[in-house]
Amino acid sequence: MRPHALLPPAAVFLACTAVLSLAGCDNAVEGTERLPPLEAAALDADAGSWRMIVLSAPDQIAVPAPAAAGSDAYRAELQAIRAAQASLTAAQRRSVEHWSGGGVLRWNQVTRELVARFNLPPAPRADGTYPVPDPENPFADPQFPFANPPYAARAYSYVSVAQYEALKSAWYWKYRYNRPSPARVDPGIRALVPVGSLPAYPSEDAVLSAVTAEVLKALFPAAVEEITRQAAEQREAALLSGKASPSDVAAGLALGKAVAAAVLARAAADGARSAAGTPAEWKALEDAAAARGEVPWRSQESPARPPMLPGFGRVRTWTMTAEEAAAEQPPAPPSTSSEQMRTELAEVRRTVDHLTRHQLAVALRWNDGAGTYTPSGHWNDIAAEHVRDARMSEVRAARTFALLNMAMHDAAVGCWSVKYRYFNPRPHQLDPAIRTVVGLPNFPSYPSGHSTFSATAAEVLSYVFPDAAAEFHALADEAGISRLYGGIHYRSDIERGKEHGARVGAYAVRLARGDGADAGRTVSPAP
């Protein structure tokens, strides 16, 4: 998939410039985006009892008891912190400030940045074939991975779930041992960031640094040096800020790495490795569509590019069983020879031929194509603002992203399963006169991935932030219709995708209602 594949670069530049005041063309994420220092609205002291997802229990991975607060070993640790604070460099102060906004939000930014950087489809070889990114040789050309929308949705889910599992376990041990932060036990140590009454052992910053780094290194091995550096900076910031002692950090580091290993073991067996399929399988999909009397999808790129991850629909889901996922799938699309299809095709052409300035802005705002953090990253960006403004504790912030990203991973699985079941052609294939104003995705049309992802996300976020439900659903509607404005989807792709996405999102909401995190919260009854 190439960005704006059917428009010359100059046209893309002009189109972006024309609407720059209304919508950005660039979804790049700055890892240095400012975040206010996190003063959590609540400690969520009971988070150690919330339902686990991958681990069997919060104490599955044991954390040994810390040294006594009055011990010589602990006093030596406090002395080391006082000495370090006495000689802070400007770079160390900036690092403390950088991480003070919360590790969950900061690592979410980093993950989105990585997805955008690696969301680049391989270029063709001289012989017209396409090389495949190799995880065993990630620095080769093309680099591994190609972080396309299904890959990205899965990556966001594993990072978020790993963080959530690690932090629930950390909370369990924190309240078992109840050791305060160094700044609360030693008046000689300054609190350079908000240091509340959350127990310090094991350090939540160290847990997050370790679990996130281990998962990200597996997903983006070509960025291992940068990931490792950022994780080390987070741990150092925890020490220098007065939040954690060296033994708090060491315990968190060990716990985070152990949780990451458990989560990565699940990832290794979820079926994603075979999602690319084989040339024989791609041909069988085309033949099956033709045998049904339909026009099969064909790549519109030159040379023709293999379809994107046709086996992703078989990847293991998070919030629903395989049977539930199958039961929730939408019905078949209109036949390519039907009157409805002719009507919908005409609507696409009529729309792009008379596109308004506003419609163009909407199409570009939701493009989320190559070089961006993808549709699921777009919704992580939206969620991050609400998490920040709600001043969620680290563990509750991790829960929000885990619910959102598990649901969007499941949406990707369901959507891709349907896409390759019906193998429906894009509008441009049936009518080459249709002018697309965003990149033409290199996979079948029905249903719309944007619509599916967005309806799923709106369903989940509306549960977590009910006061903003209208905003989320309006954004989901806009994301869906943007694909008609872009000239790459029929109306039925969008409508069935939205319905499907809402049903998938309901499973994550069902999980949330029973995970113990909202005890005492007044919520509307389940539909």
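Structure shown above.
Computed from a predicted model, the values in this text were never measured in an experiment.

**Student:** Before we go on, may I ask you to explain the overall build of the chain in this structure?
**Tutor:** The secondary structure content of the chain amounts to 19 helices and 0 strands. Radius of gyration (C-alpha) of the chain: 24 Å, near the 24 Å computed for a compact globule of 527 residues. The principal-axis extents of the C-alpha atoms in the chain amount to approximately 80 × 50 × 45 Å. By residue count, 57% of the 527 residues in the chain fall in the buried class. Carbon and sulfur atoms form 56% of the exposed surface of the chain, whose accessible area is close to 20,600 Å². When the 52 positive and 55 negative side-chain charges of the chain are each reduced to one mean point, those points stand 1 Å apart.

**Student:** Help me out: how do you make sense of the packing of aromatic side chains in this one?
**Tutor:** What characterises a pair of aromatic rings is the spacing of the ring centres plus the angle enclosed by the ring planes. This model, assessed by the stated rule, comprises 14 aromatic pairs. Ring geometry for Phe118 against Phe220: centres 5.7 Å apart, planes inclined by 45°, an arrangement best described as tilted. With a gap of 102 residues between them, Phe118 in helix H4 (residues 103–118) and Phe220 in the loop between helix H7 (204–219) and helix H8 (224–240) connect regions that are remote in the sequence. The pair Phe118 / Phe220 is uniform in exposure class, with both members buried.

**Student:** Hey, could you run me through the nonpolar core in this one?
**Tutor:** As a rule of thumb, nonpolar side chains are buried together in soluble globular proteins. Membership of the largest hydrophobic core comes to 133 residues, with the highest contact counts inside it found for Phe220 and Trp379. The dominant element in this core, judged by the number of residues it contributes, is helix H15 (residues 394–422), at 16 residues. When near neighbours in sequence (up to four residues on either side) are disregarded, Trp379 contacts Trp366, Leu404, Met408, Ser454, Ala457, Leu461, Phe472, Leu475 and Ala476. Within the second largest apolar cluster, 5 residues are counted, among which are Tyr74, Leu78, Ala183 and Ile189.

**Student:** What is the right way to look at helix H3 (residues 90–99) in this model?
**Tutor:** An α-helical segment advances 3.6 residues per turn. Residues three or four places apart therefore align on the same side. If you check which residues of H3 are buried, you get Gln92, Ser95, Val96, His98 and Trp99. For H3, the buried positions fall inside an angular range of 160° around the axis, keeping them on one side. Its buried side turned inward, H3 meets H4 and H8.

**Student:** Help me out: how do you make sense of unusual backbone geometry in this one?
**Tutor:** A cis amide bond links Phe144 with the next residue in sequence, Pro145, at an omega value of 0°. Mapped onto the elements of the fold, Pro145 is located in the loop between H4 and helix H5 (149–177). In this model, Tyr201 is joined to Pro202 through a cis peptide bond whose omega is 0°. With respect to the secondary-structure elements, Pro202 resides in the loop between helix H6 (182–185) and H7.

**Student:** Explain the layout of surface pockets here, please?
**Tutor:** To find leftover empty space, a probe the size of one water molecule is rolled over the atoms. Volume-wise, the largest pocket comes out at about 1,100 Å³. In terms of lining, the largest pocket is formed by 34 residues, of which the most central are Pro133, Phe144, Tyr151, Ala272 and Leu309. For the lining of the largest pocket, the elements supplying multiple residues, two or more each, are H5, H7 and helix H9 (246–268). The leading source of residues in the lining of the largest pocket is H9, at 3 residues. Size it by volume and the second largest pocket reaches roughly 400 Å³. In this structure, the second largest pocket is lined by 27 residues; those nearest its centre are Leu38, Pro194, Gly196, Leu198 and Glu204.

**Student:** How do you make sense of helix H14 (residues 374–390) when you look at a structure like this?
**Tutor:** Taking 1.5 Å of rise per residue, the 17 residues of H14 would be expected to cover 24 Å, and the 25 Å separating its terminal C-alpha atoms lies within 8% of that figure. All buried positions along H14 are accounted for by Thr374, Pro375, Ser376, Gly377, His378, Trp379, Asn380, Ile382, Ala383, Ala384, His386 and Val387. Looking at the buried residues of H14, the elements they touch are H4, H5, helix H13 (357–365), H15, helix H17 (449–464) and helix H18 (469–485). Arg391 lies just past H14 and shows a positive phi near 50°.

**Student:** Could you clarify how one ought to interpret the packing of H14 against H17 in this entry?
**Tutor:** The axes of two packed helices give the description: the angle between them and the distance between them. At a closest axis distance of 9 Å, the pairing of H14 and H17 adopts a crossing angle of 25°. Between H14 and H17, the angle is such that the two are roughly parallel. Our pair here, H14 against H17, has a crossing hand that is right-handed. Contact with H14, carried on its side by Pro375, Trp379 and Ala383, involves His450, Phe453, Ser454, Ala457 and Leu461 of H17 and no other residues of that element.

**Student:** Please clarify how empty space enclosed by the protein should be interpreted in this entry.
**Tutor:** For the structure shown, the criterion picks out 5 cavities of 30 Å³ or more. Roughly 150 Å³ of internal volume is contained in the largest cavity. What lines the largest cavity is a set of 17 residues, and nearest its centre among them are Pro149, Pro441, Phe443, His450 and Arg483. No other element matches the 3 residues that H17 contributes to the lining of the largest cavity.

**Student:** What's the story with the environment of Ile61 in this structure? I'm lost.
**Tutor:** Inspection of the secondary structure assignment puts Ile61 in the loop between helix H1 (9–18) and helix H2 (72–85). Between the C-alpha atoms of Ile61 and Leu255, which are 194 residues apart in sequence, the distance is 7.0 Å. Apart from the residues within four sequence positions on either side, Ile61 is in contact with Leu55, Ser169, Trp173, Leu255, Ala258 and Val259.

**Student:** How do you make sense of the side chain of Thr111 when you look at a structure like this?
**Tutor:** The topology assignment puts Thr111 in helix H4. Ignoring any residue separated from it by four or fewer positions in sequence, one finds Thr111 in contact with Tyr156, Val159 and Leu216.

**Student:** Looking at this structure, how should I read the packing of H17 against helix H19 (residues 491–513)?
**Tutor:** One way to put it is that H17 packs onto H19 with a least axis distance of 6 Å and a crossing angle of 35°. As for the relative orientation of H17 and H19, their crossing is right-handed in sense. When grouped by side-chain class, the residues that make up the contact of H17 with H19 number 10 nonpolar, 7 polar and 3 charged.

Calculation rules
- Residues numbered from 1 in each chain as written.
- Predicted model: local features only at pLDDT ≥ 70, side-chain atom pairs only at ≥ 80, totals over all residues.
- Heavy atoms only, no water.
- Helix = DSSP H or I, 4+ residues; strand = E, 2+ residues; numbered from the N terminus.
- Rg over C-alpha atoms; globule rule 2.2 N^0.38 Å.
- Buried < 20%, exposed > 50% of the residue type's maximum accessible area, 1.4 Å probe, protein only.
- Areas by Shrake-Rupley, 256 points an atom, 1.4 Å probe, with all protein chains shown as cover.
- Lys, Arg positive; Asp, Glu negative; His and termini not counted.
- Charge placed at Lys NZ, Arg CZ, Asp CG, Glu CD.
- Phe/Tyr/Trp six-rings, centres within 6.5 Å; stacked < 30°, edge-to-face > 60°.
- Core = buried A, V, L, I, M, F, W, Y, C linked by side-chain atoms within 4.5 Å.
- Contact = heavy atoms within 4.5 Å.
- Arc of directions from axis to C-beta.
- 1 Å grid on protein atoms, 1.4 Å probe; cavity = no way out; pocket = protein on both sides within 12 Å on 5 of 7 lines; lining within 4 Å.
- Points joined across faces, edges and corners; volume = space filled by probe spheres on them.
- Expected span 1.5 Å × (residues − 1).
- Axes fitted to C-alpha atoms, helices over the stretch in contact; angles between N-to-C directions.
- Parallel < 35°, antiparallel > 145°, perpendicular 65-115°, else oblique.
- Left-handed = near helix turned anticlockwise from the far one by under 90°.
- Nonpolar A, V, L, I, M, F, W, Y, C, P; charged D, E, K, R; others polar.

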